[in-house]
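Structural overview for review
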Amino acid sequence: MFTIALVQKKALPNQPQANLKLAVSSIKEAQRMGADLVLFPEMWSNGYAPPYESAFEDPFAPAFAQQRKNWLEQAIPLHGRYVKALQETAKACRIGVAATFLARTPGKPQNMAILIDRNGKILLQYAKVHTCDFSLEALLEGGREFKVCDFEGIRLGIMICYDREFPESARVLMLKGAEIILVPNACDMNPARLNQLSARAFENMTGIVMANYPGKGWGNSCAFSPIVFDENGYTDNTLLMADDCSQGIFLAEFNMEQIRKYRKNETWGNAYRKPYAYKPLLDTRIEDPFIR
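The structure reproduced in this document is the subject of the present report. Every value quoted in this text rests on a predicted model; they were computed, and no experiment measured them.

Rules and cut-offs
The residue numbering used here restarts from 1 in each chain and proceeds along that chain's sequence as written. The predicted nature of this model means local features are confined to residues of pLDDT at least 70 and side-chain atom pairs, given and counted, to a pLDDT of 80 or more, with totals for whole chains, interfaces and linings taken over all residues. As a convention, hydrogens and water are excluded, and side-chain values are obtained from all of the structure's heavy atoms. Relative accessible area decides the class of each residue, using a 1.4 Å probe on protein chains only: under 20% of the type maximum gives buried, over 50% gives exposed, and in between gives partly exposed. Each helix is a run of DSSP H or I of at least 4 residues and each strand a run of E of at least 2, with the numbering of both proceeding from the N terminus. Here, strands pair whenever DSSP counts at least two bridges between them. One side-chain nitrogen of Lys or Arg within 4 Å of one carboxyl oxygen of Asp or Glu is enough to make a salt bridge. Arc, as used here, means the arc of the directions from the helix axis to the C-beta atoms. We call two N or O atoms a polar contact when they sit within 3.5 Å, provided that within protein one can donate a hydrogen and the other can accept it, with sequence-adjacent residues counted only if both atoms are side-chain atoms. The convention used is that axes are lines fitted to C-alpha atoms, helices contributing only their stretch in contact, and that angles between N-to-C directions extend from 0 to 180 degrees. Any angle that falls under 35 degrees is termed roughly parallel, while one over 145 is termed roughly antiparallel, one within 65 to 115 roughly perpendicular, and all others oblique. Crossings are classed by handedness, with left-handed meaning an anticlockwise turn of the near helix from the far one by less than a right angle and right-handed meaning a clockwise turn. The criterion used for residue contact is that any of the two residues' heavy atoms lie within 4.5 Å.

**Some points on the pairing of strand E5 (residues 110-116)**
The buried fraction of E5 is high, at 7 of 7 residues. Alternating residues of E5 divide into Gln110, Met112, Ile114 and Ile116 and Asn111, Ala113 and Leu115, and every residue in both groups is buried. One ladder, built from 7 bridges, connects strand E4 (residues 96-104) with E5; its direction is antiparallel. Within E5, the residue paired with Ala98 across the bridge is Leu115. A loop of 5 residues connects E4 with E5, the two strands running antiparallel in sequence.

Structure, rendered in structure tokens:
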């Protein structure tokens, strides 16, 4: 079994050093629970908290220039003490860590996730591609590609929150070889969004695992297997479904032997795709009713 610990806890608003301490304690807790890897919600370093109350609706409000500047300056450097502490904790605990933070980059800050192995080495650095440009993330720079890495023989990919709402995200990760897709999240999780994750697992024949912040209508950290049919017919592919408000760490177990057998024999994923018919997917034009 490959066991992933999902952190469904509250981070402190815009307090990176306090949240680092919470991350370290959560990594140690996940290790004691027997997890192979621990996954945090989106932008753990600041708890995805806005720089001022109306920032989600009006991120460029002139009256809050200083608050906006202060928030962006909280961005975490990839090779600084914050990330180093996570690497050292992963190594000391002999556990993988999928960490998230507002990242300092040569351009604008980015919404980032990194994957650290049991030796403290960064295996993957991913910047969220589908930033919420209609909201606070208009202040940030989006990533340019989806990435997959090898974690002890298991191919892992990452997509962050709003990435989940575009089928191309999981599809590209599957085409790059992902067997399990990690989803750091920070939003309400209604049935439609939970069903999206189940569908992404089904259609791509990949495991999907999502960690979210607790709160009324939020939470619901979950895991889905790609296996939706067995020798008895349809089977529920839900491996884990937390409630919305509970705080804690939840374990999701993936039977990689069963998943790999299923991927070799079933019809989804990349078995019978017809890419020659998909050219419109690369058309960059935006037309009504989608012009914003």
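**Focus: the pattern of salt bridges**
A full pass over the atoms with the stated rule returns 13 salt bridges. The residue Glu29 makes a salt bridge to Lys9 at a minimum N-O spacing of 2.8 Å. You can see Glu29 sitting in helix H1 (residues 16-32) and its partner Lys9 sitting in the loop between strand E1 (2-8) and H1, a full 20 residues away along the chain. Given a relative accessible area of 18%, Lys9 falls into the buried group. A salt bridge links Lys128 to Glu137, with the shortest nitrogen-to-oxygen separation between them at 3.0 Å. The residues Lys128 and Glu137 share a single accessibility class, namely buried.

**Side note on helix H6 (residues 256-265)**
Of the residues making up H6, those classed as buried are Met256, Ile259 and Tyr262. Projection of H6 onto a plane perpendicular to its axis shows the buried side chains occupying an angular sector of 125°, all on one side. Projecting away from the buried face of H6 at angles above 90 degrees are the exposed residues Glu257, Lys261, Lys264 and Asn265. The N-terminus of H6 is capped by Asn255, whose side-chain oxygen sits 3.2 Å from the backbone nitrogen of Glu257.

**Examining the pairing of E4**
With 8 of 9 residues buried, E4 lies mostly within the body of the structure. One ladder, built from 3 bridges, connects strand E2 (residues 37-39) with E4; its direction is parallel. Residue pairing across strands places Leu39 opposite Ala98, the latter belonging to E4. Here strand E3 (residues 76-77) runs beside E4; their pairing, made up of 2 bridges, is parallel. Of the residues in E4, the one forming a bridge with Pro77 is Arg104.

**Topic: the packing of H1 against helix H3 (residues 81-93)**
Relative orientation of the contacting elements H1 and H3 amounts to 10°, with a least axis distance of 10 Å. In terms of their interaxial angle, H1 and H3 are classed as roughly parallel. Crossing angle aside, the handedness with which H1 passes H3 is right-handed. Contacts between H1 and H3 involve Pro16, Gln17, Asn19, Leu20, Ala23, Val24, Ile27, Lys28 and Gln31 on the former and, on the latter, Tyr82, Ala85, Leu86, Thr89 and Cys93.

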